Amino acid sequence: MECLRSLPRALGLPRRGPCALAWGLTPGRAAALLGGSRAAPPCGPRGPRLAGEMHRLRTDVAQATLASVAPVFTVTKFDKEGNVTSFERKKTDLYQELGLQARDLRFQHLMSITTRNNRIILRMEYLKAVITPECLLILDYRNLNLERWLFRELPSQLAGEGQLVTYPLPFEFRAIEALLQYRISILQGKLSMLEPRILDTLEALVDPKHSSVDRSKLHILLQNGRSLSELETDIKMFKESILEILDEEELLEELCLSKWSDPEVFEQSSAGIDHAEEMELLLENYHRLAEDLSHAARELRALIDDSQSVIFINLDSHRNVMMRLNLQLTMGTFSLSLFGLIGVAFGMNLESSLEEDHRVFWLITGIMFMGSGLIWRRLLSFLGRQLEAPLPPMMASLPRKPPPADRRLDTKQSFRAEGLGPSRNVLTPR
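The structure displayed is predicted, hence computed values, not measured ones.

With respect to the sheet that holds strand 2 (residues 84-90)
For step 1, the next point in the chain: Judged by pairing direction, the sheet is antiparallel, and its six strands sit side by side in the order 2-1-6-5-4-3 without closing on themselves. Since the sheet does not close on itself, it has two edges, and those belong to strand 2 and strand 3 (111-115), each with one partner. Between one strand and the next, the sheet's axes are offset by a mean angle of 20°, whatever the strand orientation.
For step 2, the next point in the chain: Where strand 3 lies against strand 4 (residues 120-124), five bridges are found, and the strand directions are antiparallel. Bridge pairing links I113 to L122 in strand 4.
For step 3, the next point in the chain: Of the strands in this sheet, strand 1 (72-79), strand 4, strand 5 (127-131) and strand 6 (135-139) touch helix 8 (residues 171-206), which is tilted by about 170° from strand 5.

Printed below as a string of structure tokens:
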């Protein structure tokens, strides 16, 4: 009830009762309607009029409610001459001006290029753009690097002063190329930052001079590996979004906005300049650049995997050394304990004639140490024989068959011997 009472004040309407407001009627009109309903049927001439007023009032209320909760976009507009204007616009007003739908400005995917109603909706991570045949709209930029690029490089590129190859083509070609070039430069910058870090870390970890592995280096390598995985995902999404357009000829045609809005451009396209083919070549060029970045990222990933294998091998070798040392010390302890039983026997409170001779102490001590050393030496030699790598078994040599050329030669000689007749006896001893 409180919502219904405060609704007239929000809409600037005179104060009415809740029921009259729900039906869109003033008190006088409601009384007239009630008085007339007794005399006239409900389907009289006032019925459609009242229904229209009710529908209009409900529409106004719904629009007022949506406008109060609709998000506000910070829009930066770039025209063909490179002029920049910034303003704020509600989402409902913006998609109505552009002739789009509300779902077109959601930007759900991190990387997407779609068309709707002769408009190109483009999303590249935190870059949201709408391209029209006359201008480029950047929505909600909140990144310092993006702001620097927006106001220093992009206006000159759109005006024809930058290093773009699509200047003779319509405006949407320049806008698409500028945005794709910026995205490729961002991905390439991330890769150029990761590559020296990863190489330096791997070089420090695989260095044979260091017997142990630095845990801090491993932590840095783990972080760089995660960043490399994120970069590979971004490159893959960029490639897939472009490849999806290249596989559909209709999408390529829809990206050529001026072809369908400007009659001169349509005539040029019909005369011989195929804008769809130019768009395909542009997208293929940036797909090839993304493929090169993906190949470089895969090489870094392969280096990380190989280095991890080397690190694991080094760790295994160090662990084996420690295990062998532990085993050797265990053998030494066993040898000392074995011959230490002699000292235990003499340490008992039993009397014998050996305690009276002072030379027996040194004799028994020498026997204990010599026996322990001999037993330990034998155990070490046994351990060394067990740990030696076995030699590969000798393969028996297979009998070789005589080459076919010799057999042919013997056959020819036998034929000659038989064909000579009397000289056969002379050739036979030879």
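Examining the packing of aromatic side chains
For step 1, the next point in the chain: Considering all chains together, one arrives at one aromatic pair under this definition.
For step 2, the next point in the chain: Ring geometry for W149 versus Y182: centroids 4.2 Å apart, planes at 20°, classification stacked. With W149 in helix 6 (residues 144-152) and Y182 in helix 8, the pair connects residues that are 33 residues apart, well separated along the chain. Exposure class is identical for W149 and Y182. Each is buried.

Describing the pairing of strand 2
For step 1, the next point in the chain: As paired strands, strand 1 and strand 2 are joined by seven bridges and run antiparallel to one another. Looking at the pairing, K77 lines up with T85 of strand 2.
For step 2, the next point in the chain: Here strand 1 folds back onto strand 2, and the loop between the two strands holds four residues, one of which, G82, carries a positive phi near 90°.

Conventions adopted
Residues numbered from 1 in each chain as written. Predicted model: local features only at pLDDT ≥ 70, side-chain atom pairs only at ≥ 80, totals over all residues. Heavy atoms only, no water. Pairing = 2+ DSSP bridges. Helix = DSSP H or I, 4+ residues; strand = E, 2+ residues; numbered from the N terminus. Axes fitted to C-alpha atoms, helices over the stretch in contact; angles between N-to-C directions. Contact = heavy atoms within 4.5 Å. Phe/Tyr/Trp six-rings, centres within 6.5 Å; stacked < 30°, edge-to-face > 60°. Buried < 20%, exposed > 50% of the residue type's maximum accessible area, 1.4 Å probe, protein only.

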